[in-house]
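Residue-level listing of the chains:
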There are 4 protein chains.
Amino acid sequence: MIVVMSRSATEENLKNVEKRIESFGLKCHLSVGEQRTIVGVIGDKKKIGELEMGAMEGVEKTVRITEKYKLVSREFKPENTVVDVRGVKIGGEELAVIAGPCSVESREQLRETAEAVKNAGAQFLRGGAFKPRTSPYDFQGLAEEGLKLLREIGDEYDLRVVTEIVDVNDVELVSKYADVLQIGARNMQNFRLLQAVGKGNKPVLLKRGLAATISEWLNAAEYIMSEGNDDVIFCERGIRTYETFTRNTLDLSAVVAIKEQSHLPIIVDPSHGTGRWQMVQPMARAAIAAGADGLIVEVHPHPEVALSDGDQSLKPKHFKAMMEDVKKIASAMGRK
Amino acid sequence: MIVVMSRSATEENLKNVEKRIESFGLKCHLSVGEQRTIVGVIGDKKKIGELEMGAMEGVEKTVRITEKYKLVSREFKPENTVVDVRGVKIGGEELAVIAGPCSVESREQLRETAEAVKNAGAQFLRGGAFKPRTSPYDFQGLAEEGLKLLREIGDEYDLRVVTEIVDVNDVELVSKYADVLQIGARNMQNFRLLQAVGKGNKPVLLKRGLAATISEWLNAAEYIMSEGNDDVIFCERGIRTYETFTRNTLDLSAVVAIKEQSHLPIIVDPSHGTGRWQMVQPMARAAIAAGADGLIVEVHPHPEVALSDGDQSLKPKHFKAMMEDVKKIASAMGRK
Amino acid sequence: MIVVMSRSATEENLKNVEKRIESFGLKCHLSVGEQRTIVGVIGDKKKIGELEMGAMEGVEKTVRITEKYKLVSREFKPENTVVDVRGVKIGGEELAVIAGPCSVESREQLRETAEAVKNAGAQFLRGGAFKPRTSPYDFQGLAEEGLKLLREIGDEYDLRVVTEIVDVNDVELVSKYADVLQIGARNMQNFRLLQAVGKGNKPVLLKRGLAATISEWLNAAEYIMSEGNDDVIFCERGIRTYETFTRNTLDLSAVVAIKEQSHLPIIVDPSHGTGRWQMVQPMARAAIAAGADGLIVEVHPHPEVALSDGDQSLKPKHFKAMMEDVKKIASAMGRK
Amino acid sequence: MIVVMSRSATEENLKNVEKRIESFGLKCHLSVGEQRTIVGVIGDKKKIGELEMGAMEGVEKTVRITEKYKLVSREFKPENTVVDVRGVKIGGEELAVIAGPCSVESREQLRETAEAVKNAGAQFLRGGAFKPRTSPYDFQGLAEEGLKLLREIGDEYDLRVVTEIVDVNDVELVSKYADVLQIGARNMQNFRLLQAVGKGNKPVLLKRGLAATISEWLNAAEYIMSEGNDDVIFCERGIRTYETFTRNTLDLSAVVAIKEQSHLPIIVDPSHGTGRWQMVQPMARAAIAAGADGLIVEVHPHPEVALSDGDQSLKPKHFKAMMEDVKKIASAMGRK
């Protein structure tokens, strides 16, 4: 941490700053400039993390040099983490493709979807049983009934099952049926939920919050890992900006940023990321070209009657076309 | 809802759109323009809320005319709601002022703060016992020990107690000690938590999410009210924008927007809203001038040693000065 | 400037960094931490401003401590600047109120408006003669004809005239008729235009860009002042955020920020800032309570037939009500 | 356009709305719902573009269905436009690659760069002679001297020359030396400059504004085309969001949006889009995979001593690696 003293800071202000730094067992290093004095704080990263100096008299601002997360960082673990989901890998040479409807609506809907996405090459089936919806009057999901259908159809087509968890009390229940627990964008900083899945034994798909910074996202993953669960997969799903043409702004540079800062795998959700089914295919290609380890895509056999997110769901034939495109890009990238 | 057909939509596309609308028990009204046909959907608001049309062939876009929330709306209840917190009103003629430290740290810290804010005119004591922090390694609060201190000191100074709840399982526990339950910005769309406090019997202070729209915020309040709890107070605390000079961008037009759309009271948090203690006083004045029903302000006897949010906490003497300023504005506004 | 070396930086990297800093006539000051070395750059502010280090090998990041602007800063000139517009002051004890239609449409429209705003207490008449419109097919203004009307009606009612300039070649022309030249949000970083009005002799009203930071805005004013024109007035007019309820998000904390960083006056535009006429009155009050030196407000005798910005224009009767409200707040603030 | 009447609108309000619509030579079509009446406006698109209704009594809101631009739209011209720059095509089967330093600094710097980018496969040389810089004290470019060097070196290596124009009076001067005139992000809504290059005879590279919507960007291009210049190339260069890890947020979905709405070509600038040279290569790949027609990339032989934008400039060897990657993706996309 660097503490920038204001021009009008007194000798006493500076003394107090030094005293406080030393009281944390840290050392000071002064740079006396023409206009300002700058104090470098040297010592244990964790202790620096706890230090707050901005409210002291004579302090103009403080600048943090190091991030607080550790376990998720590439500095801590240089080689890529590969998450193994009952034999299917995420983060390895092969791309991971998760596909399925926004909400589980019925056995027929789910089976029709599963068959289509399996044939097109997906290894994972997604579907919401507990839906976090903006309005309390929107369809909230089939709950455990939905989980059972996911498990049943997943097994039928040898697809791993990914589904969202929204309640800290549901870890056991959802883990009974699902292979991967998804933390949705609205819960990225629901720290109790992060801790709960961190104590569980299922891989966690951690979506980026609607307005989360890269740093906050990495810290959210640190919440999970610090509880003992190392199997975290990031998922970029678009951020909220001023632009209204798309539902969100898909930030593909986040893929590169996460790869630089962390050893954990990252996949991309072009369905929520754009909110328009016509854009899913080109943005899926772009995601893979940026270096993503996989995709999560909404597919519905009849999007026009979907109970949620119909606008952004692909029909099976469009999903198939997308997969063909993606394979070409993957191959150009030296991946499978 | 209005359905805009694309220029290339066929007769059959239009037929299907009409059929689907009618299948929901709704009526269609067609406007045939030179280039496009537009379909107005007429009927029950709740049914329209469930209708999704954007994925149908020939549909260019859909425009929602009515919002999905009802109980929170001024259309539903034209007169202002006044929330009664054991005799102290929020939303009435008198302004409500909530003050206290970010985190409860010790009895001494809390007592010193309580005495100062009581003397300056605050009616409520705030303080965090469960802190949602970006990093798992940051101070997480004193938990129940903090709640007990809040109750004890609150009673000693006849201050109502406001504190944050972060876990769906803590409603009973926190309600035992606190007078008002606060939902923090990061949990504004933690729908399970909203439902849990909606089933409780304590007034709820609902902070705006970091990147929440006015509409999403109103819907979050609807989650609480639809469970039976009518005592909801909004709290504007700044939104996330590109600007980095301030921690957040305090959106005071939200005060006017909420007053226009809803009958519920709204207060403002200039501490989180700016992140800089020097800005709290002028922005507190501005909030009241915009029509806010009160303020929530961070006050700490020694901000330079605060365990969290020291940069934005007022010292007691600055809080006193702020209160004097605010009283002048309140009086100019015909309030107390 | 502070240069943070990466963990893996070599001795040679550090040597090169020091060499480059010294080649600018600046001095280095090293802090050797446990994990990283940090280099403080000491010396002439202007030279530091020219230094770019981020591309050097072994450099993780650079942090600028000082801003590049000087003439606009309060550090340079601690006392408030008061701009004198032919005897009417902006930035002094009395509030400055600029009012009038978005576009000058006709003599009748302008006279009716001028009479109303003069009677309500405004000292300045605004109106666009050159309109920067999003579409080339929108009404672009009456050009010189509009300027003539502004001058004529301004003189008739003893109102100072404020109008926008959009072309670097129009400085002489617009200065012939107007008392204050307005730089619109879209031109805040049209540096040639800034330089041109900087060479002129009329006060400049500098609107904040749609997505401009406080720092960029101050630098834009520095462009004007560095050409010799000291009469710059800032105008906060809302920034672009994700929120769509309002046209822009009026950032009143910018008033406090500018007052802190600069000696120049600042006024607020609640009309563009909200885009909704019903919000203008409360946000005008809030602006004054935040410490603004005045207001610029759109007033139109018949907003429903305005050629532009009808939605956000006040009718004369609403402007009068606003002025009465504003006077109460001004008085509570100890201003006139 | 659709006009939504408020619930409390009177019969007279509705009459006035209808009267005003008809006064523009347009027709009304009423949908009378249970709670609200909705008025569809039918007729000539241009006339509807001029209609403003939001300020009329009884009107709750208005919704525009059609965009105001025409010449740039794919509706107007379904087939792709290919811009011919003295024999080199932009928008055709072959990708267009523009590379070079942020600023022209010297003949040696430019020649070294030109040789490297030509060898790696670029067809265009870029370089700034007039630099729009945030601070007046930053390096502002070599002006005409820089233009001459660009022309000289461009011819030496058979590279087309792209350079920015910042002044409405410089069209003739810059056109004398350059093959393509670039409008920078800060000038995207400098409408006079757009009109000036629209009257010129050189292709225009139109960068997206820092916070411009897709719609505003298309309208900016319409300004150029409506003056008679059909050779417009869009350039996505990142938008301003809350995220600070990258300099801007590169919005690759804009490539898909522009391709959908317009027939004009679009290229991507991963250098400004990310602000970090390490991210340029993966984001260049992603841009091409999303469907972009080319790239504009900052290359500098010695980024560590660049006078501007060193952090985001590629060294020649990294540019070469990027081109090899890009060729693989182009080939997977069926392009050259």
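Residues numbered from 1 in each chain as written. Chains lettered and ligands numbered in written order. Predicted model: local features only at pLDDT ≥ 70, side-chain atom pairs only at ≥ 80, totals over all residues. Heavy atoms only, no water.

Let us now look at the relation of the copies chain A and chain B. Superposition record for chain A on chain B: RMSD 0.0 Å, screw rotation 180 degrees, translation along axis 0.0 Å. Each copy turns onto its partner about a two-fold axis. Ranked by how close their C-alpha atoms come to the rotation axis, the residues of chain A are headed by A:Ala211, at 3.1 Å. When you check the interface residues of chain A against chain B, 100% turn up at the interface there too, and the contact is symmetric in its surfaces. (Least-squares fit on C-alpha atoms with pLDDT ≥ 70 in both. Contact = heavy atoms within 4.5 Å.)

Now for the state of the cysteines. According to the stated counting rule, one finds 0 disulfides over all chains in the structure shown. B:Cys235 forms no disulfide, and the closest cysteine sulfur to it belongs to B:Cys102, at a distance of 13 Å. (Disulfide = S-S within 2.5 Å.)

Now for helix α10 (residues 277–290) of chain C. Residue and element names in this part refer to chain C. The terminal C-alpha atoms of α10 lie 20 Å apart, and with 14 residues this matches the ideal 20 Å at 1.5 Å per residue to within 8%. Residue Met283 marks the point of greatest curvature in α10, where the axis turns by about 25 degrees. Within α10, burial applies to Met279, Val280, Pro282, Met283, Ala284, Arg285, Ala286, Ala287, Ile288, Ala289 and Ala290. Downstream of α10 by one or two residues, Gly291 has phi in the positive range, about 115 degrees. (Helix = DSSP H or I, 4+ residues; strand = E, 2+ residues; numbered from the N terminus. Expected span 1.5 Å × (residues − 1). Bend = angle between axes of the 7 residues up to and from the residue. Buried < 20%, exposed > 50% of the residue type's maximum accessible area, 1.4 Å probe, protein only.)

On to the side chain of D:Arg208. Position of D:Arg208 relative to the elements: it lies in the loop between β11 (204–207) and α7 (214–225). Within the structure, the side chain of D:Arg208 is placed 3.0 Å from the backbone oxygen of D:Ala212, a separation counted as a polar contact. (Polar contact = N/O pair within 3.5 Å; in protein donor to acceptor, adjacent residues only side chain to side chain.)

Contact geometry for helix α8 (residues 253–261) of chain A and helix α10 (residues 277–290) of chain D: axes closest at 9 Å, N-to-C directions at 135 degrees. Here α8(A) is positioned oblique relative to α10(D), judged by the angle of their axes. Considering how the two elements wind past one another, α8(A) and α10(D) form a crossing that is right-handed. Seen from α8(A), the contacting residues are A:Ser253, A:Val256 and A:Ala257; seen from α10(D), they are D:Met279, D:Pro282 and D:Met283. (Axes fitted to C-alpha atoms, helices over the stretch in contact; angles between N-to-C directions. Parallel < 35°, antiparallel > 145°, perpendicular 65-115°, else oblique. Left-handed = near helix turned anticlockwise from the far one by under 90°.)

Size of an interface: often given as the accessible area lost when the parts come together. On the side of chain B, 49 residues touch chain A, which itself brings 49 residues to the contact. Carbon and sulfur atoms make up 46% of the area that chain A and chain B hide from each other, which totals about 4,200 Å². Summed over the three residues of chain A that lose the most area to chain B, namely A:Glu52, A:Tyr137 and A:Arg192, the buried surface amounts to 15% of that side. Counting across the interface, chain A meets chain B through 12 salt bridges. Here A:Lys315 makes a salt bridge to B:Glu57, at a shortest N to O gap of 3.8 Å. Our enumeration of links across chain A and chain B arrives at 25 residue pairs in polar contact (both at pLDDT 80 or more). Listing elements by their share of the side of chain A that touches chain B, those giving two or more residues are α2 (45–50), α6 (191–199) and α7 (214–225) of chain A. For the side of chain A that touches chain B, the element with the highest residue contribution is α7(A), accounting for 4 residues. Taken together, the residues of the side of chain A that touches chain B sort by class into 17 nonpolar, 14 polar and 18 charged. (Buried area = accessible area lost by both parts, 1.4 Å probe. Salt bridge = Lys/Arg side-chain N within 4 Å of Asp/Glu carboxyl O. Nonpolar A, V, L, I, M, F, W, Y, C, P; charged D, E, K, R; others polar.)

A few words now on the relation of the copies chain B and chain C. Relative to chain C, chain B is turned by 180 degrees and slid 0.0 Å along the rotation axis, the superposed coordinates differing by an RMSD of 0.0 Å. The residues that chain B uses at the interface reappear at the interface of chain C in 100% of cases, marking a shared surface.

Partitioning chain A into structural domains gives domain 1 (2–63) and domain 2 (83–332). Between the C-alpha centres of domain 1 of chain A and domain 2 of chain A the distance comes to 44 Å. (Domains from an automatic or database assignment.)

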